Every structure is written in C-alpha cells, then in structure tokens.
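Given next are the chains, with one letter for each unit.
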Amino acid sequence: MIVHKQAIKYSKILVFTLGLFSIVSCQNEATSFNTDVAVNVSVEEVKKKPIEQTLITTGSIKPEFEVNLKTELAAQYHLQKNPRTGKPYKMGDLVKKNELIILLEDQEYTNNANLEGAELDMEISEMEYEKQQALFEKGGVTKRELVNSEKTLLTSKQTYENAELSIEKLSIRAPFNGIITDLPYFSPGIRVDNGQEVFSMMNYSTMLMDLSMPENLLGQVEINQQANIMNYALPNDTLKGRITELSPAIDMEARTFKGRLKVNNRDELLKPGMFVKAEIVVDQRDSALVIPKDVVLTEGNRKVVFVAVNSAAQKRYIRTGIETLTEVEVLEGIKSNERLIVKGFETLKDRSKVKVVK
C-alpha cells in the first residue's frame, strides 16, 4: 500500500516536471521567434551638406529711400511731361535723380529773387577784383583797396547763390532714382499753397526691416550677420539681407533691444509695408554631417539614433551641433555614407534584426 502511494506521488511529480519543461520550452520558442522577426525599416545614407542655425523674427519692411515733397511757397502749379512717355507724369512712373516733376510759377517771387541782376553784379565784381589785383602788383592800389574789392566779390557771389536757391524752390525735382507713389491732382495753372504736399516717391531696390529682439539674444546677434527674408506671398523666393545696425540699449519694460536689417530687393519682389519673416544666421557650416531631427531619440541625457549594418540595427550615441527646425548636425557617433534608419526606428533595440524596404 505504501509502495503504491509513493508510485502515485512520483508520477505526479513527473507530470508536473514535464509540464513545466513544456511551458519553458514554449516561452523559449516564442522568445526565439520574436528575436528572429525582422522589422521593416527605411534608410538614408548620411551625407555632408551646408547647415545654418537661425533666429527667427518678424516685422514690416520699408524702403531705404522714401520722400514726400511739399511746396516751399505759394505759386501756380504745372505738372511736367515724362521724357520717356511724352505724357504728364503719373503714379507708378519711374523717374531719375534731378528730373523736373513739377514747375511752380510766381512772377513777383521771381522778380524779387533777381537772379539775372545778381549774376551781372557778380560778373562786374569779378572784373573789378581782377583789375585791382593787377594794379596792386604794380603798386597802383593799396592792400586795403584790394581786400575791399575781394570782399565785394565774395558778397556778390553769395547774393547770386542765394538767388539761385530761391529760384530752385520753384522746381520740384526727384531727389533720387525711384518710382512715383503719390501724385495728388491739381488743375494746370492753379495756385497751390505753401506747404502743400504735391509729390511722393520711393526706391525699394533696397529695403529696411526694423527688429525688436529679446535681450537674451544680445550676445548672439552681430553686425553683418546674414539673414534669409521670406513672405507668405513669395513661397518660392528667399531674399538675402544682413544686420547693419544694433542698439546696445535694453528696453527696461519690454526687455528687448533694437536692430536693423538691410535687404537686397533688386528684383523688387518685396513691396513696401509687407509683413516678412527674417531668419538671422547666427552660425553655419559649409560641410557638415546632417540628419533629420525627428530620427533622434533620447535616453536620459544622451541622444540616440539607429543605423543599419548588414541585417541588424546598431544603436549609436551621438553628439550634436547646429540645429534647425527639421535638421541637426552630428559631430560624433556616425560617419558619412552610413545607412541611417529614418523609418521604423521607434521600436528598435541594439542588434534588432531589420529588413530595409523602400
């Protein structure tokens, strides 16, 4: 009876052991199966390329040269003809420096300026001075008489120059090459008041952008740094600019400092008043290992990527440099031409089996 009970006991132990062995075997088979399953991934070869680190700011842009011209006296208004069209000037016309746009007439003012009389007085004074010089060299006049003659000549020249300036107030000219932006209509010959705005123009082949930047960027932004200028209306065009002015003063309330960008707008793609985005280049590399920023994982304080070597994934700890919104420079951890895993990397571990797919 005792032997029978022991046999039953040993039989139960054997069954339990076999069952346990079966469970462990199944688990090992499952583990082995999982290890052998290859993860589908996509790869890109790591290449060298330029990269820029930028600071982004926004603002409105304005022309470097802009002017609103007003009359300096009350006179009759006469709009002149554009020599390129043969028609009176109009808004949108291109003009050249010193071109006469508007001529004002006032006979009383012209008479008072007496330009012709001032010119004759100057010529007479010049002849008298030359005569006194010749006499002085021969001892015919005193030094005092010669100096008085020279003084009279200088006074007559100044009178003539003042008369010229007075007459020039009747001519409203373009102060620089540019385009007419405003030309209020006045009937020909009508009398306009002193201080009347009659002509506006600008040249926007070069533009300016005033910046207001947070004080923590004061040490990063410098004179002559380049900038990329963009506008939503020009999605395929990026213009170049540079920092030309920086203020060392911090606004105590806003905690910002001021700067100014000059933008090359030679093709006049940007229009005055446009709202633009400026990417100020604070650091750049002409040739660097650059990878997509979204493939970089983190383990604590370390950055990780995976590369495909044969049919396995290798974990690489990397050190990075310049970063943009979408890319990052790699200083250590991977080499040029290695196959960086850019899709399917999220669940990978070191030495995971991978299958490269397009």
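Because the structure is a prediction, the values reported are computed rather than measured.

Trainee: Explain the overall build of the protein here, please?
Mentor: Summing up its helical and strand segments, the protein has four helices and 19 strands in all. Relative to its full complement of 358 residues, the protein shows a buried share of 32%. Counted over contacts in the protein with a minimum sequence separation of 6, partners at least 24 positions apart contribute 74%. Accessible surface for the protein amounts to roughly 23200 Å². Of this, 52% is attributable to carbon and sulfur atoms.

Trainee: Explain the pattern of salt bridges to me, please; I cannot follow it from the model alone.
Mentor: Pairing is possible between side chains of opposite charge, provided their charged atoms come close. Taken as a whole and assessed by the stated rule, the structure comprises 19 salt bridges. Taking the shortest distance from any N to any O, the salt bridge between arginine 260 and aspartate 210 comes out at 2.6 Å. Of this pair, arginine 260 sits in strand β12 (residues 256-264) while aspartate 210 sits in strand β9 (residues 197-214), placing them 50 residues apart in sequence. The exposure class of arginine 260 is partly exposed, given its relative accessible area of 25%. A cluster of three or more residues bridged by salt bridges with shared partners is formed by Lys62, Asp210, Glu245 and Arg260.

Trainee: Help me understand the pairing of strand β15 (residues 302-309), please; the structure alone is not making it clear to me.
Mentor: Along any regular strand the residues' side chains alternate between the sheet's two faces. Here three bridges tie strand β14 (residues 297-299) to β15, and the two strands are oriented antiparallel to one another. When the sheet's bridge partners are listed, leucine 297 is paired in β15 with valine 304. The hairpin formed by β14 and β15 contains two residues between the paired strands, and glycine 300 there has a positive phi angle of roughly 65°. Counting the residues in the hairpin turn of β15 and strand β16 (residues 312-323) gives two residues, including asparagine 310, whose phi is positive at 55°.

Trainee: I would appreciate a short explanation of the environment of alanine 312 in the present structure.
Mentor: Inspection of the secondary structure assignment puts alanine 312 in strand β16. In this structure alanine 312 touches Val307, Arg351, Ser352, Lys353 and Val354, once residues within four positions along its chain are discounted.

Trainee: Looking at this structure, I do not really get a negative patch on the surface. What am I missing?
Mentor: Together, Glu116, Glu119, Glu123, Glu126, Glu130, Glu161 and Glu164 give the surface a local cluster of negative charge. Among the secondary structure elements, those contributing two or more residues to the negative patch are α3 (115-138) and α4 (143-168). Examining the composition of the negative patch, we find that five residues originate from one element, α3, more than from any other. Within the secondary structure layout, glutamate 130 lies in helix α3. Using a relative accessible area of 53% as the deciding quantity, one classes glutamate 130 as exposed.

Trainee: What is the right way to look at the layout of surface pockets in this model?
Mentor: Space left empty within the atom packing is revealed by a probe, the size of a water molecule, rolled over the atoms. Quantified by volume, the largest pocket comes out at close to 220 Å³. What lines the largest pocket is simply Glu52, Gln53, Thr54, Ile56, Asn228, Lys277, Glu279, Lys293, Glu323, Thr324 and Leu325. When residues of the lining of the largest pocket are traced back to their parent elements, those giving at least two are β2 (47-70) and β13 (275-292). The element best represented in the lining of the largest pocket is β2, accounting for four residues. For the lining of the largest pocket, the class distribution of residues is two nonpolar, four polar and five charged.

Trainee: Sorry if this is basic, but what is going on with the side chain of aspartate 93 here?
Mentor: Considering the arrangement of structural elements, one finds aspartate 93 in the loop between β3 (75-79) and β4 (94-95). Among residues more than four places away in sequence, those in contact with aspartate 93 are Asn82, Pro88, Gly178, Ile179 and Ile180.

Trainee: Can you help me understand the sheet that holds strand β6 (residues 171-173) in this one?
Mentor: The pairing of strands in a sheet happens through backbone hydrogen bonds and is either parallel or antiparallel. Taken in spatial order, the four strands of this open sheet run β6-β5-β3-β8, and their pairing is antiparallel. The sheet terminates laterally at β6 and β8 (191-192), the two strands that pair on one side only. By the bridge criterion, two bridges tie β3 to β8 in an arrangement that is antiparallel. Across the sheet, alanine 75 pairs through a bridge with valine 192, a residue of β8.

Trainee: Hey, could you run me through the nonpolar core in this one?
Mentor: Ile61, Ile229, Leu261 and Leu270 are the most contacted members of the largest nonpolar core, which has 24 residues in total. For this core, the secondary-structure elements that each account for two or more residues are β2, β9, β10 (226-230), β11 (239-246), β12 and β13. Among the elements that take part in this core, β9 stands out by supplying six residues, more than any other. Discounting chain neighbours no more than four positions away, the residues touching leucine 270 are Ile61, Tyr204, Met207, Ile229, Asn231, Leu234, Leu239, Val263, Asn265 and Val276. Judged by nonpolar contacts, the second largest core, of 22 residues, contains Val296, Val307, Ile334 and Leu340.

Trainee: How do you make sense of the pairing of β13 when you look at a structure like this?
Mentor: Sheet analysis places β2 next to β13, joined by 13 bridges and oriented antiparallel. Its bridge partner lying in β13, lysine 49 is registered against alanine 288. The pairing of β10 with β13 spans four bridges and is antiparallel. What sits directly across from alanine 227, in β13, is isoleucine 280. By the bridge criterion, three bridges tie β13 to strand β17 (residues 327-332) in an arrangement that is antiparallel. Note on β17: the bridge partner recorded for valine 290 is glutamate 329.

Trainee: I'm lost on the environment of lysine 277 in this one. Help?
Mentor: Checked against the element boundaries, lysine 277 lands in strand β13. Separated by 46 residues in the primary sequence, lysine 277 and asparagine 231 place their C-alpha atoms 6.3 Å from one another. Apart from residues lying up to four places away in sequence, lysine 277 is in contact with Ile56, Thr57, Thr58, Asn228, Ile229 and Met230.

Scoring rules and cut-offs
All chains use their own residue numbering, which begins from 1 and follows the written sequence. Whole-chain, interface and lining totals are the exception, using all residues; otherwise, since this is a predicted model, local features are given only for residues with pLDDT of at least 70 and side-chain atom pairs are given and counted only at 80 or more. Hydrogens and water are ignored here; the side-chain numbers use all heavy atoms of the structure. Starting at the N terminus, helices and strands are each numbered in turn, a helix being any DSSP run of H or I of at least four residues and a strand any DSSP run of E of at least two. Throughout, exposure labels follow a simple rule: accessible area from a 1.4 Å probe, protein chains only, divided by the maximum for the residue type, with under 20% read as buried, over 50% as exposed, and the rest as partly exposed. Contact definition: two residues touch when any of their heavy atoms are within 4.5 Å. Accessible areas in this description were obtained via Shrake-Rupley with a 1.4 Å probe; residue shielding takes into account the shown protein chains only. For salt bridges, the criterion is a side-chain nitrogen of Lys or Arg within 4 Å of an Asp or Glu carboxyl oxygen. Strands are treated as partners if at least two bridges between them are detected by DSSP. What makes a patch is a set of residues exposed beyond 30% relative accessible area and free of salt bridges, joined within 9 Å when like-charged and within 5 Å when nonpolar (Val, Leu, Ile, Met, Phe, Trp, Tyr). Only four residue types enter the tally: Lys and Arg on the positive side, Asp and Glu on the negative side, with His and both chain ends excluded. Every charge is mapped onto a representative atom, which is NZ of Lys, CZ of Arg, CG of Asp or CD of Glu. Of the two site types, the cavity is a set of points on a 1 Å grid over the protein atoms alone where a 1.4 Å probe fits but cannot get out, and the pocket is an open set with protein on both sides within 12 Å along at least five of seven lines, each lined by residues with an atom within 4 Å of a point. Grid points are joined across faces, edges and corners, and a volume is the space filled by probe spheres set on the points. Throughout this entry, Asp, Glu, Lys and Arg are counted as charged residues, while Ala, Val, Leu, Ile, Met, Phe, Trp, Tyr, Cys and Pro are counted as nonpolar. The remaining residues, Gly among them, count as polar. Here, nonpolar core refers to any group of buried Ala, Val, Leu, Ile, Met, Phe, Trp, Tyr and Cys residues whose side-chain atoms link them within 4.5 Å.

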